[in-house]
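# Structural features, examined
One letter stands for each residue in the lines below.
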Amino acid sequence: MTGYRGCILIKMKMRNRQIEVKMPWLTPKEVEIQVVRWLVAPGDRVEIDQDILELTVDQEKFILPSPLDGVLLEVEVEPGDYLATDQVLAIIKAD
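Now for a look at the structure at hand. If you're wondering where the values come from, they're calculated on a predicted model, not measured in any experiment.

Criteria and thresholds
- Residues numbered from 1 in each chain as written.
- Predicted model: local features only at pLDDT ≥ 70, side-chain atom pairs only at ≥ 80, totals over all residues.
- Heavy atoms only, no water.
- Helix = DSSP H or I, 4+ residues; strand = E, 2+ residues; numbered from the N terminus.
- Buried < 20%, exposed > 50% of the residue type's maximum accessible area, 1.4 Å probe, protein only.
- Contact = heavy atoms within 4.5 Å.
- Areas by Shrake-Rupley, 256 points an atom, 1.4 Å probe, with all protein chains shown as cover.
- Salt bridge = Lys/Arg side-chain N within 4 Å of Asp/Glu carboxyl O.
- Core = buried A, V, L, I, M, F, W, Y, C linked by side-chain atoms within 4.5 Å.
- Pairing = 2+ DSSP bridges.

Along the backbone of the protein there are zero helices and nine strands. Split into buried and exposed, the 95 residues of the protein put 37% on the buried side. Within the protein, contacts between residues separated by at least 24 positions form 55% of all contacts whose residues are at least 6 apart in sequence. Accessible area for the protein stands at about 5700 Å²; split by element, carbon and sulfur atoms hold 49% of it.

Now the structure itself:
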């Protein structure tokens, strides 16, 4: 897949081994960030650095990796949604 693959620290908040994966801050300028598609589904096992979400950032593809090993419990955004910094994207139960 072409485009930028993010090597960034994913913002996380842990509660009872459940991690809120949040949209990271990408740039000081205002950009449009839109969900293209999920690469995994709720209930799927994910590994650290596995590609889980495809976004467009100002018309360029951006792949968000999983920040940890676990199980994807919930997705909080759907394809077509526009995102804001710190918005919850998904919840992963950590191993």
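Continuing now.
Per the counting criterion, the structure on display carries two salt bridges. Residue Glu-54 pairs with Arg-37 through a salt bridge whose shortest N-O separation is 2.8 Å. Of this pair, Glu-54 sits in strand 6 (residues 51-57) while Arg-37 sits in strand 4 (residues 33-38); the two residues are 17 residues apart in sequence, bridging distant segments of the chain. Judged by relative accessible area, Arg-37 falls into the partly exposed class, the value being 39%.

As for its position among the elements, Pro-65 is in strand 7 (residues 60-65). A residue is classified by how much of its surface remains accessible, and Pro-65, at 4% relative accessible area, is buried. Once the C-alpha coordinates of Pro-65 and Glu-54 are considered, the two residues, eleven residues apart in sequence, prove to be 9.2 Å apart.

The next point concerns the nonpolar core. One finds Ile-33, Trp-38, Leu-53, Leu-55, Leu-83 and Leu-89 to be the most contacted residues of the largest nonpolar core, which totals 23 residues. Looking at this core, the elements that each hand over two or more residues are strand 3 (18-22), strand 4, strand 6, strand 7 and strand 9 (88-94).

This part is about unusual backbone geometry. In most cases, non-glycine residues show a negative phi, while peptide bonds are predominantly trans. Despite not being glycine, Asp-49 shows a phi value in the positive range, around 70°. Here Asp-49 lies in the loop between strand 5 (45-46) and strand 6. Of note, the phi angle at Gln-59 is positive, near 75°, even though the residue is not glycine. The topology assignment puts Gln-59 in the loop between strand 6 and strand 7. Given a relative accessible area of 74%, Gln-59 falls into the exposed group.

So, on to the pairing of strand 6. Extensive coverage of strand 6 is indicated by the burial of five of its seven residues. Of the pairings in the sheet, the one linking strand 4 to strand 6 comprises five bridges and is antiparallel in character. Looking at the pairing, Trp-38 lines up with Leu-53 of strand 6. Connecting the antiparallel pair strand 6 and strand 7 is a turn made up of two residues, with Asp-58 showing a positive phi of about 50°.

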